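# Coordinate inspection notes
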Amino acid sequence: MAQSKLTPQTLCVTSGKGGVGKTSFTVNFAIALVRNDKRVLVVDGDMGLANVDVMLRLSVKNNIRDILESGADPRQAMIFARPNLAVLPGSSGVPEMVSLGARQQNRLTDFLKTISSDFDYVIIDTAAGIGSSVLWYNRFCDHNIFILSPDPTSMTDAYALIKLLSRDHGINQFNLVLNFVRGVREANHTVDTIKRVTHRFLNLELFHLGSIPEDRSVCRAVLDQVPFVEQTPGSKAARAVYDLAQRIHLLI
Ligand SMILES: Nc1ncnc2c1ncn2[C@@H]1O[C@H](COP(=O)(O)OP(=O)(O)O)[C@@H](O)[C@H]1O
Ligand SMILES: [Mg+2]
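Okay, so let's go over this structure. (Residues numbered from 1 in each chain as written. Chains lettered and ligands numbered in written order. Predicted model: local features only at pLDDT ≥ 70, side-chain atom pairs only at ≥ 80, totals over all residues.)

## Regarding the overall build of the chain
- What the chain contains, in helices and strands, is 11 helices and 8 strands.
- Relative to the 2.2 N^0.38 estimate, which gives 18 Å for 252 residues, the radius of gyration of the chain is 17 Å and therefore close to what a compact globule would have.
- For the chain, the spread of C-alpha atoms along the three principal axes comes to 50 × 40 × 35 Å.
- Looking at the chain as a whole, 46% of its 252 residues qualify as buried.
- Sequence-distant contacts, at least 24 apart, represent 77% of the contacts inside the chain between residues at least 6 apart. (Helix = DSSP H or I, 4+ residues; strand = E, 2+ residues; numbered from the N terminus. Rg over C-alpha atoms; globule rule 2.2 N^0.38 Å. Buried ≥ 20, exposed ≤ 12 C-beta atoms within 10 Å, placed from the backbone. Contact = placed C-beta atoms within 7 Å.)

## Structural notes on the site of ligand 1
- Near ligand 1, the surroundings consist of 17 residues, among which G21, K22, T23, S24 and V218 are the closest.
- Among the secondary structure elements, those contributing two or more residues to the shell around ligand 1 are α1 (22-35), β7 (174-181) and α9 (216-224).
- Looking at side-chain class alone, the shell around ligand 1 contains 7 nonpolar, 7 polar and 3 charged residues. (Near = placed C-beta within 6 Å. Nonpolar A, V, L, I, M, F, W, Y, C, P; charged D, E, K, R; others polar.)

## Observations concerning the sheet that holds strand β1 (residues 9-14)
- Read across the open sheet, the 8 strands follow the order β3-β4-β2-β5-β1-β6-β7-β8; overall the sheet is mixed. Two strands close off the open sheet at either side, each with one partner strand: β3 (79-82) and β8 (206-213). Neighbour-to-neighbour, the strand axes of the sheet open up by a mean angle of 25°, direction not taken into account.
- Bridge count between β7 and β8: 6 bridges; the pairing is parallel. (Pairing = 2+ DSSP bridges. Axes fitted to C-alpha atoms, helices over the stretch in contact; angles between N-to-C directions.)

## So, the environment of P150
- Along the polypeptide, P150 turns up in the loop between β6 (143-148) and α7 (152-168).
- Accessibility expressed as a C-beta count within 10 Å gives 20 for P150, which makes it buried.
- Remark: the alpha-carbon pair of P150 and N188, spanning 38 residues in sequence, is separated by 9.7 Å.
- Excluding its chain neighbours within four sequence positions, the residues that come into contact with P150 are F180, V181, E186 and T190.

## A look at the packing of α1 against helix α11 (residues 236-246)
- Packing of α1 against α11 leaves a shortest axis separation of 9 Å and a crossing angle of 60°. What the angle tells us is that α1 and α11 run oblique. Between α1 and α11 lies a crossing whose hand is right-handed. Contacts from N28, F29, A32 and L33 of α1 reach α11 at V241, Y242, L244 and A245.
- Here the residues of the contact of α1 with α11 sort into 7 nonpolar, 1 polar and no charged. (Parallel < 35°, antiparallel > 145°, perpendicular 65-115°, else oblique. Left-handed = near helix turned anticlockwise from the far one by under 90°.)

## Observations concerning helix α8 (residues 184-202)
- Here α8 contains 19 residues, and its C-alpha end-to-end distance of 26 Å stays within 8% of the 27 Å for a straight helix at 1.5 Å per residue.
- Among all positions of α8, only A187, T190, I194 and T198 are buried. Viewed end-on, α8 has its buried residues packed into an arc of 70°, placing them on one side of the element. For α8, exposure combined with an orientation more than 90 degrees from the buried face picks out V184, R185, H189, D192, R196, H199 and R200.
- On the buried face of α8, the contacting elements are β6, α7, β7 and β8.
- Immediately downstream of α8, the backbone of N203 shows phi near 55°, a positive value. (Expected span 1.5 Å × (residues − 1). Arc of directions from axis to C-beta.)

## Structural notes on the pairing of strand β4 (residues 85-88)
- Here β4 shows a buried face lined by L85 and V87 and a second buried face lined by A86 and L88.
- Sheet topology note: the strand β2 (residues 40-45)/β4 ladder contains 4 bridges and is parallel. Bridging across to β4, L41 finds its partner in A86.
- Note: β3 against β4, 3 bridges, orientation antiparallel. Residue pairing in the sheet places F80 in a bridge with A86 of β4.
- Connecting the antiparallel pair β3 and β4 is a turn made up of 2 residues, with N84 showing a positive phi of about 70°.

Below, the structure written as structure tokens:
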């Protein structure tokens, strides 16, 4: 096991649009990394409608809101879902958590930095939309991974968020993971389109880390509250996620 890394790499899983597979990717990618002997912390940054804990069938005592507002101990709020895989649960049904004030942002920075030091990777699953907490997580992380589906609205929402982050927040490196892929031609078309548009209008180069096929095992695993990389490790989606985990060093 890798024990000597000084600083963890922080990854923000984001999209603009909801329902494109951010949470499924986050949870399964984290497990794939753990299988590669990494120590991983998953932070449920969907502060309004958290569901990492649901996908992993965890029972939550304290969440990020309790840490920020009631002084709960972040280390005690963390749940070890598997050996070397910790989860910091988010809050659900709390609209005010979608927009964080400056004091909460500072507190979040402090305690995330403190608890992250025990891990090789910190993966933050974010909410849909462009709320201030999403933008804050995008800025906080070393790498932004955009999950995209071939749906044109997924592309326009991702483009809108990329534009906002590059124009107003000084972020100009973005990774793409295409999800719900039904064929190579469709995947290439989607990736080429968003790359071309961001190059032409924003002068940015996006990096395509890889793709995940549409696969019924993903839906079944969500219903069973078991990650698909564990439930059906030989499925097309699981093999794709294991491949992505092998390519993590390529992230920009
Ligand atoms: N590759 C895939 N193939 C089939 N279904 C998928 C795939 N990825 C995600 N899903 C399904 O899409 C739904 C939304 O996924 P989720 O991870 O919750 O999205 P988000 O976090 O972006 O809102 C879930 O019900 C999940 O089962
Ligand atoms: Mg989600």
